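# Examination of the molecular architecture
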Amino acid sequence: MIDFARVQKELQDSGREKDSSGIRVFPKSDNLARLTGIIPGPLGTPYEGGSFEIDITLPDGYPFEPPKMKFVTKVWHPNISSQSGAICLDILKDQWSPALTLKTALLSIQALLSAPEPGDPQDAVVAQQYLREYQTFVGTARYWTESFAKASSLGVEEKVQRLVEMGFPDGLVRSTLEKVGGDENLALEKLLSS
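Looking at an unreviewed UniProt entry, one finds the protein named E2 ubiquitin-conjugating enzyme, with Hibiscus syriacus as its source organism. Turning to the protein, the UniProt annotation filed under Sequence similarities (unreviewed entry) states: "Belongs to the ubiquitin-conjugating enzyme family."

Here's what the structure looks like:
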């Protein structure tokens, strides 16, 4: 049976500390077994400036069994499925301990964004790109962050529309924006020079 008193305490603790870490956890509804986590993209990474939503389901055995977590926000990362949002992280599997909390699990996911483990991938395509074409990986990860994790920033569609209005083909605009990590000015330079 889920220890709901512990879950409530974790939610209260997380609420008090969210200003320093930026990490938040809150219930989806009245059911404390279904939660939403929000983590900010780590500084100095292609995920910087993004806000990433994580779906959290607590199993009946929580805290003795790990929470089930997956990204709702699309993210380009070797250890996160670009299709399903599944996360490859040991503490969400066999290395879970009841001493860990939802917040420490979310901090570990945030740390994973900073330090990918391409040797133990969840998404083999992304891992291969990370290992063989690192700059392309960084550009794609930035583009996905810009496209899916930044609510306040100018959307990709607006950038595409402006560049298409300048006479460039839609497909070329999208691929160029992806290569330069969503930077509209850099995309325009590349489009003009090709």
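Now that the structure has been shown, we can carry on.
A few words now on the pairing of strand S4 (residues 68-71). The alternating pattern of S4 places Met69 and Phe71 on a buried face, while none of Lys68 and Lys70, on the opposite face, is buried. Here strand S3 (residues 51-57) pairs with S4 via four bridges, running antiparallel. Residue isoleucine 56 lies in a different strand from S4, and its bridge partner there is methionine 69.

Okay, the side chain of threonine 145 next. Tracing the backbone shows threonine 145 in helix H4 (residues 134-149). On the accessibility criterion, threonine 145 (1% relative accessible area) is buried. At a separation of 3.2 Å, a polar atom in the side chain of threonine 145 contacts the main-chain carbonyl oxygen of proline 46. Dropping the residues within four chain positions of it, threonine 145 is found in contact with Pro46, Tyr47, Glu48, Gly50, Phe52 and Lys150.

With that settled, the discussion passes to helix H3 (residues 124-132). Along H3, the residues that are buried comprise Val126, Ala127, Gln129 and Tyr130. Down the axis of H3, the buried side of the element spans an arc of 160°, and every buried residue falls inside it. Opposite the buried face of H3, at more than 90 degrees from it, the exposed residues are Val125, Leu131 and Arg132. Next to the buried residues of H3 lie H4. Structurally, the start of H3 carries an N-cap: the backbone nitrogen of valine 125 is 3.3 Å from a side-chain oxygen of aspartate 123.

Pairing is antiparallel across the open sheet formed by four strands, whose spatial order is S1-S2-S3-S4. Each of the sheet's edge strands pairs with one partner strand only, and the pair in question is strand S1 (24-27) and S4. Averaged over all pairs of adjacent strands, the angle between strand axes in this sheet comes to 25°, irrespective of strand direction. Relative to the sheet, helix H2 (residues 102-114) contacts S1, strand S2 (34-40), S3 and S4, its axis offset from that of S2 by approximately 40°.

Looking at the assigned domains, one finds that the protein contains domain 1 (4-149) and domain 2 (152-193). In this structure, domain 1 and domain 2 have C-alpha centres spaced 29 Å apart. At the interface, six residues of domain 1 touch 10 residues of domain 2. The contact between domain 1 and domain 2 buries some 680 Å² in all, and 55% of this surface belongs to carbon and sulfur atoms. A per-residue breakdown of the area domain 1 buries against domain 2 is headed by Gly139, Tyr143 and Glu146, which together make up 77% of the total. Inspection of the domain 1/domain 2 interface yields one salt bridge. Along the contact surface separating domain 1 from domain 2 lie one residue pair in polar contact (both at pLDDT 80 or more). Its residues assigned to classes, the side of domain 1 that touches domain 2 comprises one nonpolar, three polar and two charged.

What counts and what doesn't
- Residues numbered from 1 in each chain as written.
- Predicted model: local features only at pLDDT ≥ 70, side-chain atom pairs only at ≥ 80, totals over all residues.
- Heavy atoms only, no water.
- UniProt positions renumbered as here; feature names shortened; annotations may be inferred.
- Buried < 20%, exposed > 50% of the residue type's maximum accessible area, 1.4 Å probe, protein only.
- Helix = DSSP H or I, 4+ residues; strand = E, 2+ residues; numbered from the N terminus.
- Pairing = 2+ DSSP bridges.
- Polar contact = N/O pair within 3.5 Å; in protein donor to acceptor, adjacent residues only side chain to side chain.
- Contact = heavy atoms within 4.5 Å.
- Arc of directions from axis to C-beta.
- Axes fitted to C-alpha atoms, helices over the stretch in contact; angles between N-to-C directions.
- Domains from an automatic or database assignment.
- Buried area = accessible area lost by both parts, 1.4 Å probe.
- Salt bridge = Lys/Arg side-chain N within 4 Å of Asp/Glu carboxyl O.
- Nonpolar A, V, L, I, M, F, W, Y, C, P; charged D, E, K, R; others polar.

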